Amino acid sequence: MRIGSLAEASGLSRDTLRFYEERGLIRSARGSNGYRIYQPETLQLLGYIRSAQKLGFSLNEIGASLPALWDAPEPDQAVAALLREKAAIIDQKIAELVQLKQELLQRAAAACPLTNVRP
């Protein structure tokens, strides 16, 4: 499948596909004419990348997880484990933000908000 066909099928621009390839997220071979040729499975991989981004994964996180997913005997379970790990990270960030909010409110109530305020 050439880049134009993949762009049309995936709904992504050619520039996005080239960017993903530069980042190592997808691969292509070069035809004798120099055109990029993508395997049909690339479309499914692009669907995974888009879904993962919508769920808050960065391209770095996606790229780092792809080799383990490709080699996983149970890919569905491997993806589920990644989602649980991401949820745990979000829980940790929420706890940190709650703590930061409490400190901000304590400082706002202090006579001099920029001094160290401890309960």
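Quick caveat, the model's predicted, so the values are computed rather than measured.

(A) Main features of the packing of helix H4 (residues 59–71) against helix H5 (residues 75–109). Viewed as axis vectors pointing N to C, H4 and H5 meet at an angle of 150 degrees, and their least axial separation amounts to 10 Å. Classified by chirality, the crossing of H5 by H4 is right-handed. Of H5, the residues touching H4 (which contributes Glu 61, Ser 65 and Leu 69) are Pro 75, Ala 78, Val 79, Leu 82 and Lys 86. Taken together, the residues of the contact of H4 with H5 break down into 5 nonpolar, 1 polar and 2 charged.

(B) Region of the structure containing the side chain of Arg 36. One can find Arg 36 in strand S2 (residues 36–37). In this structure Arg 36 touches Met 1, Arg 2, Ile 3, Arg 18, Glu 21, Ser 28, Ala 29 and Arg 30, once residues within four positions along its chain are discounted.

(C) Focus on the nonpolar core. Core analysis: the biggest nonpolar cluster contains 17 residues, and Leu 17, Tyr 20, Leu 25, Ile 26, Leu 46, Ile 49 and Ile 62 have the highest contact counts within it. Of all the elements in the fold, those that place two or more residues in this core are helix H1 (3–10), helix H2 (14–22), helix H3 (41–54) and H4. At 4 residues, H3 tops the list of elements feeding residues into this core. Apart from residues no more than four positions distant in its own chain, Ile 49 is found in contact with Tyr 20, Leu 25, Ile 26, Leu 59 and Ile 62.

(D) Summary view of the packing of H1 against H3. Contact geometry of H1 with H3 gives a least axis separation of 10 Å together with a crossing angle of 45 degrees. For the element pair H1 / H3, the angle class is oblique. Remark: the crossing between H1 and H3 carries right-handed chirality. Note on element contacts: H3 touches H1 through Thr 42, Leu 43, Leu 46 and Arg 50, opposite Leu 6, Ala 9 and Ser 10. The residue inventory of the contact of H1 with H3, partitioned by class, reads 4 nonpolar, 2 polar and 1 charged.

(E) Representation of H5 within the structure. The terminal C-alpha atoms of H5 lie 51 Å apart, and with 35 residues this matches the ideal 51 Å at 1.5 Å per residue to within 8%. All of the buried residues along H5 are Ala 78, Leu 82, Lys 86 and Arg 107. In this fold, the buried residues of H5 make contact with H3 and H4.

(F) Quick peek at the pattern of salt bridges. Scanning the model with the defined rule gives 4 salt bridges in all. Residue Arg 36 pairs with Glu 21 through a salt bridge whose shortest N-O separation is 2.9 Å. With a gap of 15 residues between them, Arg 36 in strand S2 and Glu 21 in helix H2 connect regions that are remote in the sequence. A salt bridge links Glu 61 to Lys 86, with the shortest nitrogen-to-oxygen separation between them at 3.1 Å. Of this pair, Glu 61 sits in helix H4 while Lys 86 sits in helix H5; the two residues are 25 residues apart in sequence, bridging distant segments of the chain. When its relative accessible area of 30% is taken as the criterion, Glu 61 is described as partly exposed. Exposure remark for Lys 86: the relative accessible area of 10% places this residue in the buried category.

About the criteria used
Residues numbered from 1 in each chain as written. Predicted model: local features only at pLDDT ≥ 70, side-chain atom pairs only at ≥ 80, totals over all residues. Heavy atoms only, no water. Axes fitted to C-alpha atoms, helices over the stretch in contact; angles between N-to-C directions. Helix = DSSP H or I, 4+ residues; strand = E, 2+ residues; numbered from the N terminus. Left-handed = near helix turned anticlockwise from the far one by under 90°. Contact = heavy atoms within 4.5 Å. Nonpolar A, V, L, I, M, F, W, Y, C, P; charged D, E, K, R; others polar. Core = buried A, V, L, I, M, F, W, Y, C linked by side-chain atoms within 4.5 Å. Buried < 20%, exposed > 50% of the residue type's maximum accessible area, 1.4 Å probe, protein only. Parallel < 35°, antiparallel > 145°, perpendicular 65-115°, else oblique. Expected span 1.5 Å × (residues − 1). Salt bridge = Lys/Arg side-chain N within 4 Å of Asp/Glu carboxyl O.

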